[in-house]
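Now for the letters of each chain:
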Amino acid sequence: MGNQRTAIAGEPVVRISTLAPRQKFPGALARNAPAYLFLLPWFIGFFGLTLGPALVSLFLSFTDYNLLQPPHLVGLDNYARIATGDDKFISSMKVTLFYVICSVPLKLVFALAVALLLNRGIKGLPVYRAIFYLPSLLGSSVAIAVLWRQLFDSDGVVNTILWQFGIEGPSWISNPNYSLYTLIVLAIWQFGSPMIIFLAGLRQIPIDMYEAASLDGASKTRIFFKITLPLLTPVIFFNAVVQTIDAFKAFTPAYVISSGTGGPIDSTLFYTLYLYQEGFGYFRMGYAAALAWILVIIIAVFTAFSFLSARYWVHYDE
Amino acid sequence: MTFTIDRRQFLIGTATTLALGAASLNRASAATSIRFLWWGSKERADRTHNAMTLYQSKNPDVSIEGESFGWDNYWTRLATQAAGGNAPDLIQMDYRYIFEYARRGALLDFTPYLDKSLKISDFGQANIDSGKVDGKLYGVNLGVNSSAVMVNTIAWKEAGVDAPTNGTTWDDFAETCAKLTKAKKRRSFYGTADASGLEPAFEGWLRQRGKALYTNDGNLAFDAKDTAGWFDYWSKLREMEACVPADMQALDQQTIETSMISQGKATISFAHSNQFVGYQAINKEKLGMISYPVPADDAKPGQYLKPSMLMSVSATSKNADAAVAFVNFLVEDPDGAKALGVERGVPASEKIRNELTPDLDDLGKEMADYIQMLTPKVGTLPPPPPNGAGENGFFLKKVAEEVAFGKLSTDEGGAKFAEQAAANLKRG
Amino acid sequence: MSDATFATAADAIEPPTERSRLLSIAIHTALIAASIVMLYPLIWMLAGSVKDQNEIFGTASLVPSHFDFSSYIRGWEGTQVSFGKFFWNSLVIAVLSVIGNVMSCSLAAFAFARLKFWGRNFWFALMLGTLMLPYHVTLIPQYILFLELGWVKTFLPLVVPKFLAVDAFFIFLMVQFFRGIPRELDEAAMMDGCSAWRIYWKVMLPLSLPVLATAAIFSFLWTWDDFFGPLIYLSDINTYTVQLGLRSFVDSTGSSDWSGLFAMSSLSLVPVFLIFLFFQRLLIEGIATAGLKR
């Protein structure tokens with residue numbers, strides 16, 4: 001049965017492909033040509049629009065570039081400062097890590113649970129799906145800042161509800177002890193994209209797998225854990241990797257809600273927001289570039305770790 | 001159903017884009033064309049567009065393209081364009097940023113134009129100097145301005161307490177504000193906003209005590225004890241419930257619309273005089289404007305007149321002459337100046353001021369009166385802020401919040417601010 | 001809608017019983033309750049758009065005391081150029097981006113998922129690497145590049161990159177899904193002497209509707225929501241997108257016209273909501289067709 005599911009997360013499937021027309025055009029060129037033609041647009045974009053600018057920024061990270069004057073090389077000064085004397089680097093990294101660790105798993109669990117519910121043949125499905133996606137449609141629109149304040153300030157909706165139970169809540173959004181949680185709630189509220197990807201993944205599970213299982217008289221719980229979940233692991237893996245990277249790079253929620261300040265007391269100062277302040281607020285683009293490359297390294301370590309772990313839990317049905 | 005894109009649609013799409021692109025490029029290359037970028041409200045945009053239209057009807061060979069943004073996005077955009085060597089010819093500058101841009105060579109020195117195409121000698125030396133950086137003129141004063149205290153007069157009447165007036169001492173200020181809170185006429189409503197994190201307020205307090213933010217040679221002109229004293233004052237107000245609690249003040253993002261007075265949380269907010277129009281526009285109740293509170297006796301002047309904003313020309317402008325001529329039109333030509341009105345502050349030119357005064361509406365008059373009342377009492381312009389000063393402004397807000405939320409004592413807060421502020425200057 | 005036709009596996013194997021009906025009621029109750037929580041802020045915003053200014057923040061009630069639609073007119077004409085123009089600009093950019101992303105990313109993904117070539121793992125890793133780059137750092141070099149090309153102030157910097165597959169997210173997404181398509185299908189096509197192109201076009205794409213629809217939805221939404229790109233590259237108000245227009249509306253009113261802002265924010269959701277409804281049909285219908293039911 002499902003031995004065609006070669007959906008391997010991680011590295012591309014290393015498997016003899018018979019697609020290249022070897023018989024007609026012998027030689028390496030002919031073997032590689034079709035693939036490189038397919039990749040041509042990507043190559044142009046990658047070298048021209050991504051790698052080029054990225055290398056420029058790597059160069060800038062060794063300079064004192066201030067946006068307005070030509071950069072001067074300063075060696076490792078920027079990196080040395082990050083490593084030794086930058087409290088904001090540490091505090092913003094803590095904020096970001098906390099945000100990643102809290103928001104990503106919760107968002108994924110939420111998205112998967114809703115996707116499972118919405119994958120059933122019940123009435124009004126498209127409507128529910130659309131409703132659950134609506135918050136994500138709002139993105140980081142200007143209106144979010146007002147909505148969140150209405151929900152979470154001292155006489156906001158949340159406190160009005162708590163008050164019914166005799167609890168007097170703090171001003172969540174402007175209290176440094178809680179403000180980060182309101183951003184985590186925002187991230188979870190906008191669980192639409194992983195939900196859609198889970199739905200598409202669920203749709204790809206071959207129906208005959210379920211038929212076979214039900215003939216064996218397996219219970220629903222058993223079917224979920226023995227079939228749905230394992231077959232969904234490539235998609236779970238994809239969502240986890242992408243959401244983690246996105247959470248590390250999160251910028252707009254904090255920017256919109258705190259008006260770019262990261263306040264109160266830097267409690268919502270995400271790493272990228274700090275980077276942005278340094279680069280565009282204080283004209284230290286060289287330093288900001290160094291901060292960015294540190295972030296790239298940190299994300300890369302996390303991603304590499306997930307790809308390594310993938311071989312233990314992502315289902316390779318081969 | 002299959003998802004295919006036929007080639008024709010794609011071609012049409014691409015053609016549309018290219019056409020749109022070409023159209024906007026063409027427009028830009030007509031005649032002597034200059035670009036003007038500013039931040040501000042719709043009111044300001046309308047007035048500025050009027051001035052531009054007037055100028056273009058007088059000078060048909062010049063075309064001016066104007067664009068406006070909100071404060072935050074304005075600076076990102078300006079920085080990106082300047083970095084790309086594509087800065088707009090005409091730049092509305094803020095007093096806080098002019099040093100950053102001028103010292104990095106991004107702005108045109110107006111000195112050669114003085115008394116030629118830029119006839120601003122009737123500004124008075126102080127108002128001309130306010131656009132100077134390191135001896136060269138990089139900005140032309142668009143409006144005279146000073147710090148000010150906005151007061152919700154209705155709320156004070158309602159509570160039956162006499163509102164603070166010009167010359168109220170800091171101690172009386174605290175007492176009356178506490179009285180207003182005690183009157184409890186409205187739900188969670190306080191006497192004043194907490195200004196401990198507001199740099200201009202701190203600066204005023206320092207200057208009244210013979211200190212300042214920065215010395216002439218770019219070092220700190222205050223110490224940890226001064227800062228601690230400032231934090232002490234506000235901690236006392238917080239205790240007396242004269243000012244809003246910390247978690248309320250933290251909602252104030254130092255903009256008009258998030259200020260405590262506009263949010264209906266307090267009767268008083270610390271601001272700038274040219275913002276009076278903006279504050280009144282979104283506050284239904286009648287506002288008044290008074291000067292900063294003063295120390296008990298023998299106070300030195302804390303406030304000073306500074307440009308609400310300045311006009312600068314980009315150093316890379318290809319049409320610098322035309323741009324300078326337009327700047328002159330805005331500040332010295334009665335037509336241009338009338339179009340702008342006092343929305344950017346009271347004009348620096350005496351001639352223009354006299355011409356505008358009869359036509360001013362009530363708000364404009366109040367603003368002009370305030371500046372007139374203040375003028376004999378103000379001190380001199382402080383020395384130019386050194387590089388890194390901008391960061392200190394934001395840092396004061398952070399430390400003040402740490403004190404307000406009880407994470408630092410006032411002494412610890414004072415020490416932390418003084419120490420880190422000095423370090424920021426060193427880094428530049 | 002046609003969902004019943006495409007009821008999934010889990011339901012197909014389960015005959016309707018009393019227990020399942022109860023379960024269904026429970027699920028609906030849970031879903032409706034969850035919907036209300038999810039939607040509360042949005043309903044509040046929608047209600048705010050027809051409320052009187054004073055009423056918006058005064059009460060927690062969602063029902064306006066009277067309906068005042070003038071905010072929509074005020075908002076629509078609140079900026080120098082009407083919002084209709086902004087909607088059109090956003091639409092052009094978003095549609096082109098959808099086309100660009102779906103085409104270029106599926107080409108690249110097909111190569112990564114199905115073709116064997118020298119350096120595949122290397123390029124794949126680099127492609128993933130581009131996901132990790134924070135946006136703000138490449139911003140200035142990219143701006144200078146587009147300025148040199150003379151593209152600043154046009155839509156080109158916002159659209160052309162989409163045709164060059166710069167969004168690695170979509171490539172990664174498509175690779176994951178292409179690998180889930182049974183290999184025997186394209187192997188069979190191979191036997192018939194099909195070229196790689198024909199396999200991509202005739203076998204892969206038709207079988208990949210759910211993921212193509214997903215990519216199309218995300219492309220559209222993200223382009224529609226993008227604020228930073230247009231902020232940097234568009235400077236003529238006639239070329240503004242909806243997000244820039246919203247921001248400029250807020251700036252120009254000093255954020256005091258809340259109902260106008262809410263009205264325009266609500267309106268800005270309409271096209272994306274419609275797109276979502278449209279593409280989610282593809283998302284759901286695509287898969288149940290012949291290909292995967294063996």
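Residues numbered from 1 in each chain as written. Chains lettered and ligands numbered in written order. Predicted model: local features only at pLDDT ≥ 70, side-chain atom pairs only at ≥ 80, totals over all residues.

J.: Where do I start with the overall build of chain C in this structure?
T.: If you tally the helices and strands in chain C, you get 15 helices and zero strands. A total of 294 residues make up chain C; the buried ones form 52% of that total. (Helix = DSSP H or I, 4+ residues; strand = E, 2+ residues; numbered from the N terminus. Buried ≥ 20, exposed ≤ 12 C-beta atoms within 10 Å, placed from the backbone.)

J.: Looking at this structure, how should I read the overall build of chain B?
T.: A count of helical and extended segments in chain B gives 17 helices and twelve strands. A globule of 428 residues ought to have a C-alpha radius of gyration of about 22 Å, and chain B, at 24 Å, matches this closely. Taking the principal axes of its C-alpha atoms as reference, chain B extends roughly 70 × 70 × 45 Å. Relative to its 428 residues, chain B shows a buried fraction of 50%. Considering only contacts in chain B between residues 6 or more positions apart, those separated by 24 or more positions represent 75%. (Rg over C-alpha atoms; globule rule 2.2 N^0.38 Å. Contact = placed C-beta atoms within 7 Å.)

J.: For this particular structure, what's the right way to read helix α8 (residues 156–163) of chain C?
T.: Each turn of an α-helix holds 3.6 residues, which means side chains three or four residues apart point in the same direction. Summarising burial for α8(C): seven of the eight residues are buried, a large majority. Along α8(C), the positions that sit buried rather than exposed are Pro157(C), Leu158(C), Val159(C), Val160(C), Pro161(C), Lys162(C) and Phe163(C).

J.: Can you help me understand the interface of chain B and chain A in this one?
T.: By a widely used convention, the size of an interface equals the accessible area lost when the partners come together. Each partner contributes residues to the interface: chain B has 22 residues there, and chain A has 21 residues. The greatest single-element share of the side of chain B that touches chain A, amounting to six residues, is contributed by helix α3 (residues 71–83) of chain B. Here the side of chain B that touches chain A is composed, by residue class, of ten nonpolar, four polar and eight charged. (Nonpolar A, V, L, I, M, F, W, Y, C, P; charged D, E, K, R; others polar.)

J.: What am I meant to see in the interface of chain A and chain C here?
T.: Each partner contributes to the interface: chain A provides 91 residues, whereas chain C provides 90 residues. The greatest single-element share of the side of chain A that touches chain C, amounting to twelve residues, is contributed by helix α2 (residues 40–60) of chain A. Within the side of chain A that touches chain C, the residues separate by chemical class into 61 nonpolar, 22 polar and eight charged.

J.: How should the packing of α2(A) against helix α14 (residues 285–313) of chain A be read in this particular structure?
T.: For any two helices packed against each other, the geometry is given by the interaxial angle and the distance between the axes. Residues and elements named next belong to chain A. Closest axis-to-axis distance for the α2/α14 pair is 7 Å, and the angle between their directions is 115 degrees. As judged from the angle between their axes, α2 and α14 are roughly perpendicular. For the crossing formed where α2 meets α14, the hand is left-handed. Contact with α2, carried on its side by Ser57, Leu58 and Leu60, involves Met285, Gly286, Ala289, Ala292 and Trp293 of α14 and no other residues of that element. (Axes fitted to C-alpha atoms, helices over the stretch in contact; angles between N-to-C directions. Parallel < 35°, antiparallel > 145°, perpendicular 65-115°, else oblique. Left-handed = near helix turned anticlockwise from the far one by under 90°.)

J.: Sorry if this is basic, but what is going on with the nonpolar core here?
T.: Generally speaking, a soluble globular protein has its nonpolar side chains buried in company with each other. By size, the foremost hydrophobic cluster in this structure holds 309 residues, and its most contacted members are Met150(B), Ala108(C), Ala109(C), Ile171(C), Met174(C), Ala215(C) and Ile217(C). Among the elements that line this core, the one with the most residues is helix α5 (residues 83–114) of chain C, at 16 residues. Ignoring sequence-local partners within four residues, the contact set of Ala108(C) consists of Phe38(A), Leu39(A), Trp42(A), Ala165(C) and Ile171(C). (Core = buried A, V, L, I, M, F, W, Y, C linked by C-beta atoms within 7 Å.)

J.: Help me understand unusual backbone geometry in this model?
T.: Leaving glycine out, the prevailing phi sign among residues is negative, and the prevailing peptide bond configuration is trans. Notably, Asp115(B) is not glycine yet its phi reads approximately 65 degrees, a positive angle. Topologically, Asp115(B) is positioned in the loop between α4 (95–103) and α5 (125–129). Take Asp115(B): there are 8 C-beta atoms within 10 Å of it, and that puts it in the exposed class. Phi is positive for Ala165(C), which is not a glycine, with a value near 55 degrees. Note on placement: Ala165(C) falls in the loop between α8 and α9 (168–178). With 29 C-beta atoms packed within 10 Å, Ala165(C) lands in the buried category.

J.: Which parts of the structure should I look at to understand the domain arrangement of chain B?
T.: Residue and element names in this part refer to chain B. Domain assignment breaks chain B into domain 1 (33–143 + 307–371) and domain 2 (147–303 + 387–427). For domain 1 versus domain 2, the separation of C-alpha centres amounts to 29 Å. Of the residues lining the interface, 14 residues belong to domain 1; the matching set on domain 2 comes to eleven residues. When residues in the side of domain 1 that touches domain 2 are grouped by element, the largest group, five residues, is from helix α15 (residues 362–374). In the side of domain 1 that touches domain 2, the residues fall into four nonpolar, four polar and six charged. (Domains from an automatic or database assignment.)

J.: What is the right way to read the pairing of strand β9 (residues 268–272) of chain B from this model?
T.: Two faces, one strand: in a regular strand the side chains alternate between the faces of the sheet. Residues and elements named next belong to chain B. Of all the five residues making up β9, four are buried; the element is thus mostly covered by neighbouring parts of the structure. One ladder, built from five bridges, connects strand β8 (residues 147–152) with β9; its direction is antiparallel. Paired with Val151 across the two strands is Ile268, which belongs to β9. (Pairing = 2+ DSSP bridges.)

J.: Just to check I follow, could you spell out the environment of Arg207(B) for this structure?
T.: Residue and element names in this part refer to chain B. Mapped onto the secondary structure, Arg207 falls in helix α8 (residues 199–208). Residue classification places Arg207 among the buried residues on the basis of 24 C-beta atoms within 10 Å. Between the C-alpha atom of Arg207 and that of Gly393, which follows or precedes it by 186 residues, the distance is 16 Å. Not counting chain neighbours up to four residues away, the residues in contact with Arg207 comprise Ala212, Lys300, Pro301, Gly302 and Gly379.

J.: Help me understand the confidence of the model for chain C in this model?
T.: Interpretation of the predicted coordinates at a detailed level should be avoided for regions scoring low in pLDDT. All names here are of chain C. Averaged over every residue, the pLDDT of chain C is 78; the share at 70 or more is 83%. Within chain C, the element-level pLDDT minimum falls on helix α1 (residues 9–12), averaging 43, and the maximum on α8, averaging 92. Low pLDDT (under 50) marks residues 1–14, which in the prediction has 25 contacts with non-local residues, meaning those over four places away or in another chain. Across residues 286–294, confidence stays below pLDDT 50; counting only partners more than four residues off in sequence or on other chains, it has 15 contacts. Here the predicted complex scores 0.84 on pTM and 0.81 on ipTM. (pLDDT = per-residue confidence, 0-100.)

J.: Please clarify how the sheet that holds strand β1 (residues 32–39) of chain B should be interpreted in this entry.
T.: Sheets are built from strands paired through backbone hydrogen bonds, the pairs being either parallel or antiparallel. Residue and element names in this part refer to chain B. Read across the sheet, five strands follow the order β2-β1-β3-β12-β6 without closing on themselves; strand pairing throughout is mixed. Two strands lie at the open edges of the sheet, namely β2 (62–69) and β6 (140–141), each paired on one side alone. With two bridges connecting them, β6 and strand β12 (residues 310–313) associate as antiparallel partners. Across the sheet, Asn141 pairs through a bridge with Leu310, a residue of β12.

J.: Could you clarify how one ought to interpret the pairing of strand β3 (residues 90–93) of chain B in this entry?
T.: Residues and elements named next belong to chain B. Every second residue of β3 is oriented toward a common face, with Leu90 and Gln92 on one face and Ile91 and Met93 on the other, all of them buried. One ladder, built from two bridges, connects β1 with β3; its direction is parallel. Along β3, the bridge assignment pairs Leu37 with Ile91. Two strands pair when backbone bridges link them, and β3 and β12 are joined in this way by four bridges, in the antiparallel orientation. Bridge assignment links Ile91 to a residue of β12, and that residue is Ser312.

J.: Hey, could you run me through the sheet that holds β8(B) in this one?
T.: All names here are of chain B. The strand order across the open sheet built from three strands is β9-β8-β10, with neighbouring strands paired in antiparallel fashion. The open sheet has two free edges, formed respectively by β9 and β10 (287–290), since each of these has just one partner strand. Across the sheet, the mean angle from the axis of one strand to that of its neighbour is 35 degrees, orientation sign disregarded.

J.: Help me understand the packing of helix α5 (residues 125–137) of chain A against helix α2 (residues 18–50) of chain C in this model?
T.: Close contact between α5(A) and α2(C) brings their axes to 9 Å; oriented N to C, the two are set at 35 degrees. Between α5(A) and α2(C) the crossing geometry is left-handed. Here Tyr128(A), Ile131(A), Phe132(A), Leu134(A) and Pro135(A) of α5(A) lie close against α2(C), whose contacting residues are Leu31(C), Ser35(C), Met38(C), Leu39(C) and Leu42(C).

J.: Even after reading the chapter, I still don't get the confidence of the model for chain B, so can you show me in this structure?
T.: Model confidence for chain B is summarised by a mean pLDDT of 85, while 93% of its residues fall at 70 or above. Counting interchain partners and residues more than four positions distant, the pLDDT-below-50 stretch residues 1–30 of chain B has 33 contacts.

J.: Just to check I follow, could you spell out the environment of Ala221(B) for this structure?
T.: All names here are of chain B. Assignment of secondary structure puts Ala221 in the loop between α8 and α9 (224–239). Along the primary structure Ala221 and Lys211 are separated by ten residues, whereas in three dimensions their C-alpha atoms are 6.1 Å apart. The contacts of Ala221, once residues within four sequence positions are left out, are Lys211, Ala212, Leu213, Tyr214 and Thr215.

J.: Help me out: how do you make sense of α9(C) in this one?
T.: Of all the eleven residues making up α9(C), eleven are buried; the element is thus mostly covered by neighbouring parts of the structure. Buried-residue contacts for α9(C) involve α11 (220–248) of chain A together with α5, α6 (120–131), α11 (196–207) and α12 (209–225) of chain C.

J.: What's the story with the environment of Met248(B) in this structure? I'm lost.
T.: Note on placement: Met248(B) falls in helix α10 (residues 246–249). Judged by local crowding, Met248(B) falls into the buried class, with 22 C-beta atoms found within 10 Å. For the pair Met248(B) and Lys265(B), spaced 17 residues apart in the sequence, the C-alpha separation amounts to 8.0 Å. With residues near it in sequence (within four places) discarded, Met248(B) still touches Ser154(A), Ser171(A) and Lys265(B).

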